[in-house]
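# Topology and contacts: notes
Listed below, chain by chain, are the residues.
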Protein chains: 2
Amino acid sequence: MALPPGWKREEVVRQSGLSAGKTDVYYITPEGKKIRSKPQLARILGETFDLSAFDFRTGRTVYSACRKSKRQKGSSYDFARGVRHDASLVLPIRQTASIFKQPVTVVRNGPKCKSKTDLKHGTQDQPKQVFWEKRLRGLRACDSSEEVIPTMDLPRQMQGIGPDLTSENVLQSISAALHVSSGPVVGQGASKQVIMKNPGINMDTQQPHVHQVVVSSDDVHRQEQRVQLARRKLQDLMGTLE
Amino acid sequence: MALPPGWKREEVVRQSGLSAGKTDVYYITPEGKKIRSKPQLARILGETFDLSAFDFRTGRTVYSACRKSKRQKGSSYDFARGVRHDASLVLPIRQTASIFKQPVTVVRNGPKCKSKTDLKHGTQDQPKQVFWEKRLRGLRACDSSEEVIPTMDLPRQMQGIGPDLTSENVLQSISAALHVSSGPVVGQGASKQVIMKNPGINMDTQQPHVHQVVVSSDDVHRQEQRVQLARRKLQDLMGTLE
DNA sequence: CGGAGTGACCCC
DNA sequence: GGGGTCACTCCG
């Protein structure tokens, strides 16, 4: 059950009355507040989360809901209904509130724009947020059985640059750069002070949000020795098995 | 407010908390016991009363509830729920516990029975309880504003005959006889002792449950004088007004 | 007065 | 018609 840490899910079967046998599902926030319905959950999380694919009853994200076109027709979730005061909490489900009206830049792929594609200025990327990783905050990768896949740790000298970046954000930034970029991935060349003064201008958008890491020949040597050590251990082990 | 004598209804407004402003309603029995809910009321009254149309919050009988089919779908009131010991008291609301399974005599009105209607044995009544008035115990007539209409008093020499009859029952018995019967209404001919020994057999079901009242010529004379006195008073009053 | 538990309405 | 949501009841 891919439930955020601190949250609890309960299932209660009605014991009597006309609705006996029916089960009620509710969630307990880390603060101990009992959530009894999806609208209430939405109210508590605020408009940051997109719960349209979240099935309150089962507690799982309904992947099918993303495909079934008719089902998702009215996918926008009405957060305004019956709004009242509730403590604001954070439940990491998915932070891309794509269903809400947001300012966007339209990128046309029609015939008229083809000339632009021919430009020799390198890859012509669509406009993107500078700190797009923040939209992933709280998202956890998990396997088909909903088991959360643990995240990687970064070496201590890899320092993220940017406002309020989590270590996860830094990892995401690097991973994406390695995956997408056609050039070398070297990190930010400017100093942290300069970048933080005005990230929107001073950040190198072609590079991940980490400071450049200097790799000395010492570092290379150490790594070589590590590899040799590992190989020797493997060799010994193989010998034992024979 | 059509509340039985000796009972009191209280309304308390919640002063603080999440439910501030909400009101709690409770009833005080003539014995001073505080009733806080409908199930508790039902437990105290026993299964004799049908509270399905009684609205605990307002303290009124909900006539609308008898019409709204969907609302009354589950009209049977679950007296068994959470039963425990409570002193037995009496609150007159309505004593016909129609919702409970009771042995009944089916009277067919279909074509096959029409011959019976033609019998020359006088009015062919449907089977009825001998002491049907008891079902009315505690029922009070009231006007459209729920004001209780006071009951009539009977002359002292009008003695009811039957087990546990209230003076109201006697009045109901006489009223019904005068209203329904096609023959003379004279009351029970047998002695009280004989009838009480076995009311089911010895009671004259065609007559109301009162002993025969002997009206002497003295009684007639007294009544005549009363009427004349009243007329004279009226005459005087009319003269004064001119 | 809070809160679990349930009825009932509403919308799909 | 059936589930989801809400409001209310009832009792600690």
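Within an unreviewed UniProt entry, the label attached to chain A reads Methyl-CpG-binding domain protein 2, and the organism entered is Aplysia californica. Its UniProt record gives chain A a comment under Subcellular location (unreviewed entry), which states: "Nucleus".

Residues and elements named next belong to chain A. Structurally, leucine 41 is set in helix α1 (residues 38-45). Here leucine 41 falls in the buried class, since its relative accessible area comes to 1%. Sequence separation of leucine 41 and phenylalanine 56 is 15 residues, and the distance between their C-alpha atoms is 9.0 Å.

It is worth spelling out the sheet that holds strand β3 (residues 34-35) of chain A at this point. Residues and elements named next belong to chain A. With antiparallel pairing, three strands are arranged side by side in an open sheet as β1-β2-β3. Both edges of this open sheet fall to β1 (8-13) and β3, since each of them pairs with a single strand only. Where β1 lies against strand β2 (residues 23-28), six bridges are found, and the strand directions are antiparallel. In the strand pairing of β2, valine 12 is matched with aspartate 24.

Glancing now at the pattern of salt bridges. Going through the model one piece at a time under the given rule, you end up with eight salt bridges over all chains. Where A:Glu11 meets A:Arg9, a salt bridge forms, and the shortest distance between an N and an O atom there is 3.1 Å. For B:Glu10, the salt bridge is made with B:Lys8, and the minimal N-O distance between the two is 4.0 Å. Ionic contacts of the salt-bridge type, sharing partners, join the residues A:Arg14, A:Lys22 and A:Asp24 into one network.

With that settled, the discussion passes to the packing of aromatic side chains. Under the definition given, this model contains four aromatic pairs over all chains. Ring plane angle 50° and centroid distance 6.0 Å describe the contact between A:Tyr27 and A:Phe54, whose orientation is recorded as tilted. Residue A:Tyr27 is found in strand β2, and its partner A:Phe54 is found in strand β4 (residues 54-55); the two are separated by 27 residues along the sequence. Centre to centre, the rings of B:Tyr27 and B:Phe56 are 4.8 Å apart; their planes meet at 70°, and the pair counts as edge-to-face. Within this pair, whereas B:Tyr27 is found in strand β2 (residues 23-28), its partner B:Phe56 is found in the loop between β4 (54-55) and β5 (60-61), the two being separated by 29 residues in sequence. Across this residue pair, the class does not change: B:Tyr27 and B:Phe56 are buried. Counting every residue linked through ring pairs, the aromatic cluster contains A:Tyr27, A:Phe54 and A:Phe56.

Reading the values: the criteria
Residues numbered from 1 in each chain as written. Chains lettered and ligands numbered in written order. Predicted model: local features only at pLDDT ≥ 70, side-chain atom pairs only at ≥ 80, totals over all residues. Heavy atoms only, no water. UniProt positions renumbered as here; feature names shortened; annotations may be inferred. Helix = DSSP H or I, 4+ residues; strand = E, 2+ residues; numbered from the N terminus. Buried < 20%, exposed > 50% of the residue type's maximum accessible area, 1.4 Å probe, protein only. Pairing = 2+ DSSP bridges. Salt bridge = Lys/Arg side-chain N within 4 Å of Asp/Glu carboxyl O. Phe/Tyr/Trp six-rings, centres within 6.5 Å; stacked < 30°, edge-to-face > 60°.

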